[in-house]
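# Observations on the three-dimensional arrangement
Read off the chains here:
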Amino acid sequence: MDSRDYIGRDEGEGASRQNFQAEMEAERIAEALVFASAQPVSEAFIADRLPGNLNVRAVMLRIKEQYAPRGVNLVQVDDAWAFRTAADLSFVIRRDENEIKKLSRAALEVLAIIAYHQPVTRAEIEDIRGVQTSRGTLDVLMEAGWVRFRGRRRTPGRPVTLGTTRDFLDHFGLEELRDLPGIEELKGAGLLSGRIPANFNIPSPLMSDELTEDEDPITQMDLEELGLLAPRGASED
């Protein structure tokens, strides 16, 4: 064999070792970043801290595969990642947790409507439910961190539009909104009556957080009007 063949093979093996070491180091860094955070960590945040131009999604999927058989799994939440107890072991953890206050039926209905119909206004929620929605119901969902103000609809009165949050996905074990159960899954879980109308259908949830064509962004003035911020210039107590 020509000596140049040996040199070429050695250089190739050296490059492969370097690539392998770079990938291993990237996995260690990404693993540490997610492990140290109580909240899901975005891929953009991870990418900023990885060496070179590595494919962050590929790195995270490799780590996810490594943790798949363990008691803690790496799960995707929208465009972020988090470590969570394996689903089949969750009963072990919950046994020692304080019981979480259950949502009222009204709050569950409102949350479901927002999840499937977002962006949706309070008036549209009331139209779907057929009853008035109290401010307290929305407050409970916002305090839980599952619902947020998205924008303002470009219609008379400029009503506020509502949508779900990343915490909503995280709490209910969803990677993205398209993982929400469909009509057959809801029937199987006993959440829909077997006597529902023949033309009944479940809307496909909006897949993007970006404002739609009929939404305007919420401004500082809007937040003050909604009581989420003190008016500028107001004196502090």
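Here, every reference points to the structure presented above.
Cut-offs applied
Residues numbered from 1 in each chain as written. Predicted model: local features only at pLDDT ≥ 70, side-chain atom pairs only at ≥ 80, totals over all residues. Heavy atoms only, no water. Phe/Tyr/Trp six-rings, centres within 6.5 Å; stacked < 30°, edge-to-face > 60°. Helix = DSSP H or I, 4+ residues; strand = E, 2+ residues; numbered from the N terminus. Buried < 20%, exposed > 50% of the residue type's maximum accessible area, 1.4 Å probe, protein only. Pairing = 2+ DSSP bridges. Contact = heavy atoms within 4.5 Å. Axes fitted to C-alpha atoms, helices over the stretch in contact; angles between N-to-C directions.

On to the packing of aromatic side chains. Summed over the entire model, instances satisfying the criterion amount to 4 aromatic pairs. Judged by centre distance (6.4 Å) and plane angle (70°), the rings of F35 and F83 are edge-to-face. Taken together, the positions of F35 in helix α1 (residues 3–35) and F83 in strand β3 (residues 80–85) put the pair 48 residues apart, joining distant regions of the chain. Take F35: its relative accessible area is 68%, and that puts it in the exposed class. Note on F83: relative accessible area 13%, which makes it buried. Judged by centre distance (4.8 Å) and plane angle (55°), the rings of Y67 and F83 are tilted. In this pair, Y67 sits in helix α3 (residues 56–67) while F83 sits in strand β3, placing the two residues 16 residues apart along the sequence.

Judged by pairing direction, the sheet is antiparallel, and its 4 strands sit side by side in the order β4-β6-β5-β7 without closing on themselves. Among the strands making up the open sheet, the edge pair consists of β4 (120–121) and β7 (215–216). Inspection of the sheet shows strand β5 (residues 147–153) paired to β7 by 2 bridges, in the antiparallel sense. Within β7, the position partnered with R152 by the bridge is D216. With respect to the sheet, helix α5 (residues 105–117) is in contact with β4, β5 and β6 (160–164), its orientation differing from that of β6 by roughly 95°.

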